[in-house]
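Residue-level listing of the chains:
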Amino acid sequence: MATEQEIEYVYSRFITKEPTEFLERINDTNAGIGAVLKILDAATTEVSAGDLAQKMKVSTARIAVLLNKMSAKNLIERRSSSLDGRKVIVQLTENGEKEIGKAKASITKLIEMIIDEIGMEKVKTFIEISETIQKLTREKMLKPDFD
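This structure is a prediction, so every number in the text was calculated from the model and none was measured.

**Q** Help me out: how do you make sense of the sheet that holds strand β1 (residues 47–48) in this one?
**A** Paired through backbone hydrogen bonds, the strands of a sheet run either parallel or antiparallel to each other. Strands sit in the order β1-β3-β2 across an open sheet of three strands; the sheet is antiparallel. With partners counted over all chains shown, the strands left at the sheet margins are β1 and β2 (76–80), one partner each. Helix α5 (residues 60–72) contacts β2 and β3 (88–92) of the sheet and is inclined by roughly 120° relative to β2.

Quick look at the structure:
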């Protein structure tokens, strides 16, 4: 059975990755909502609607649509910034925090199953290889070889 430390290791490696594949599906409403929840959960300071658009690399109009849907589901609340009344600050509601808790519990169960089925050493090897491939791909994309 996977240990808590093993689960945390795998979770931390995946959660810190740039969620490019995830964000490529941003037009999928649930993917967009999940991305907003993830950003708000990880935030240590106030997050504005503009910050969300920038982090998710989508338009402010797209963020507005997502935030309206999330407000209707009572996942987030919006308020004006006390420093700049033009900025809209977004924060999780209690219901939003519960949804994140459910998602984390599901992810934990999935990671535990993967570790138990495959073994921690193979999971670590997979993560290392994936990270190397991502690094090489990014480097190649920044310096394309046209020869």
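There's plenty left to go through after this.
**Q** In this structure, what is going on with the environment of R78? I would like to understand it.
**A** Checked against the element boundaries, R78 lands in strand β2. The partly exposed category is assigned to R78, whose relative accessible area is 37%. Aside from chain neighbours lying at most four places away, what touches R78 is A64, L67, N68, S71, V88, I89 and V90. Side-chain polar atoms of R78 contact the side chain of N68, separated by 2.8 Å. One polar contact links R78 to S71, side chain to side chain, over a distance of 3.4 Å.

**Q** How should a nonpolar patch on the surface be read in this particular structure?
**A** On the surface, a cluster of nonpolar side chains totalling about 340 Å² of accessible area is made up of L110, M113, I114 and I118. Looking at where I118 falls in the secondary structure, it is placed in helix α6 (residues 94–118). Assessed through its relative accessible area of 45%, I118 is described here as partly exposed.

**Q** What exactly am I supposed to notice about the packing of aromatic side chains here?
**A** Enumeration according to the criterion identifies zero aromatic pairs in this entry. Over the aromatic face of Y9 sits the side chain of K124, whose NZ or CZ is 5.5 Å from the ring centroid.

**Q** I'm lost on α6 in this one. Help?
**A** A turn of α-helix holds 3.6 residues, and therefore any two residues three or four places apart point the same way. Given a rise of 1.5 Å per residue, 25 residues ought to cover 36 Å, and the 36 Å separating the end C-alpha atoms of α6 matches this to within 8%. Of the positions making up α6, those classed as buried are G96, I100, I111, E112 and I115. Trailing α6 by a residue or two, G119 shows a phi angle of about 105°, which is positive.

Cut-offs used in this document
- Residues numbered from 1 in each chain as written.
- Predicted model: local features only at pLDDT ≥ 70, side-chain atom pairs only at ≥ 80, totals over all residues.
- Heavy atoms only, no water.
- Pairing = 2+ DSSP bridges.
- Helix = DSSP H or I, 4+ residues; strand = E, 2+ residues; numbered from the N terminus.
- Contact = heavy atoms within 4.5 Å.
- Axes fitted to C-alpha atoms, helices over the stretch in contact; angles between N-to-C directions.
- Buried < 20%, exposed > 50% of the residue type's maximum accessible area, 1.4 Å probe, protein only.
- Polar contact = N/O pair within 3.5 Å; in protein donor to acceptor, adjacent residues only side chain to side chain.
- Patch = residues over 30% accessible without salt bridge, like charges linked within 9 Å, V, L, I, M, F, W, Y side chains within 5 Å.
- Areas by Shrake-Rupley, 256 points an atom, 1.4 Å probe, with all protein chains shown as cover.
- Salt bridge = Lys/Arg side-chain N within 4 Å of Asp/Glu carboxyl O.
- Phe/Tyr/Trp six-rings, centres within 6.5 Å; stacked < 30°, edge-to-face > 60°.
- Lys NZ or Arg CZ within 6 Å of the ring centre and 35° of its normal.
- Expected span 1.5 Å × (residues − 1).

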